[in-house]
Amino acid sequence: MYISDDTINTTIDAIISARDFCGNEREAALDCLAELGVKGKDAVKAYRIANFRANARWNAYKKAAGVNPKYTF
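Criteria and cut-off values
Residues numbered from 1 in each chain as written. Predicted model: local features only at pLDDT ≥ 70, side-chain atom pairs only at ≥ 80, totals over all residues. Heavy atoms only, no water. Helix = DSSP H or I, 4+ residues; strand = E, 2+ residues; numbered from the N terminus. Buried < 20%, exposed > 50% of the residue type's maximum accessible area, 1.4 Å probe, protein only. Contact = heavy atoms within 4.5 Å. Core = buried A, V, L, I, M, F, W, Y, C linked by side-chain atoms within 4.5 Å. Salt bridge = Lys/Arg side-chain N within 4 Å of Asp/Glu carboxyl O. Disulfide = S-S within 2.5 Å. Axes fitted to C-alpha atoms, helices over the stretch in contact; angles between N-to-C directions. Parallel < 35°, antiparallel > 145°, perpendicular 65-115°, else oblique. Left-handed = near helix turned anticlockwise from the far one by under 90°. Nonpolar A, V, L, I, M, F, W, Y, C, P; charged D, E, K, R; others polar. pLDDT = per-residue confidence, 0-100.

Is there a simple way to explain the overall build of the chain in this structure?
If you tally the helices and strands in the chain, you get three helices and zero strands. Along the chain, from the amino end to the carboxyl end, the secondary structure elements read α-α-α. Across its three principal directions, the C-alpha atoms of the chain cover 40 × 25 × 15 Å. For the chain, the proportion of its 73 residues judged to be buried stands at 32%. When contacts within the chain are restricted to residue pairs at least 6 apart in sequence, those whose partners lie at least 24 apart make up 58%.

If you want it as structure tokens, here you go:
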């Protein structure tokens, strides 16, 4: 199944929001994907893609905030 960029970006936003509030980001992502109609193996695939991209975005936020680069992965 094709997973659109909009679906991935919405899931990334859910992951980032969960991180901001110290929530369970995997659960937030899978709930978001379920609301978007992505379930089963496709949801796991979409979560992996979104989590990888969310890490990149999160590190960019840390760099923009002036965090020492050795603490950004």
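Sorry if this is basic, but what is going on with the nonpolar core here?
Proteins that are soluble and globular tend to have nonpolar side chains buried together. In terms of nonpolar packing, the biggest core is built from 13 residues, with Ile 8, Ile 12, Ile 15 and Leu 33 touching the most fellow members. Ranked by residues supplied to this core, first place goes to helix α3 (residues 41-64) with five residues.

Honestly, the pattern of salt bridges in this entry has me stumped. Any pointers?
On inspection of all chains with the given rule, the structure shows three salt bridges. In this structure, Glu 25 and Arg 19 form a salt bridge, with 3.0 Å as the shortest nitrogen-oxygen distance. Residue classification places Glu 25 among the partly exposed positions, given a relative accessible area of 21%. With a relative accessible area of 15%, Arg 19 lands in the buried category.

Please explain the state of the cysteines as it appears in this structure.
The bond known as a disulfide is covalent and runs between the sulfur atoms of two cysteines. With the rule as written, the count across this model stands at zero disulfides. Distance from the sulfur of Cys 22, which forms no disulfide, to the nearest cysteine sulfur (Cys 32) is 19 Å. The exposure class of Cys 22 is exposed, given its relative accessible area of 73%.

I tried to follow the packing of helix α1 (residues 5-20) against α3 on my own but got confused; where do I start?
When two helices pack together, their arrangement is given by the angle between the helix axes and by the axis-to-axis distance. For the pair α1 and α3, interaxial distance at closest approach is 8 Å and the crossing angle is 55°. Comparing the axis directions of α1 and α3 gives the class oblique. Crossing angle aside, the handedness with which α1 passes α3 is right-handed. Counting all contacts with α1, which are made through Asp 5, Ile 8, Asn 9, Thr 11, Ile 12, Asp 13, Ile 15, Ile 16, Arg 19 and Asp 20, the residues of α3 involved are Ala 46, Tyr 47, Ile 49, Ala 50, Asn 51, Arg 53, Ala 54, Asn 55, Arg 57, Trp 58 and Tyr 61. Looking at the contact of α1 with α3 residue by residue, the classes come out as eleven nonpolar, four polar and six charged.

Please explain the confidence of the model for the chain as it appears in this structure.
Reading fine detail from the predicted coordinates is not recommended where pLDDT is low. Overall, the predicted model of the chain reaches an average pLDDT of 94, with 99% of residues at or above 70. Mean pLDDT across the secondary structure elements of the chain bottoms out at α3, with 95, and peaks at helix α2 (residues 25-35), with 97.

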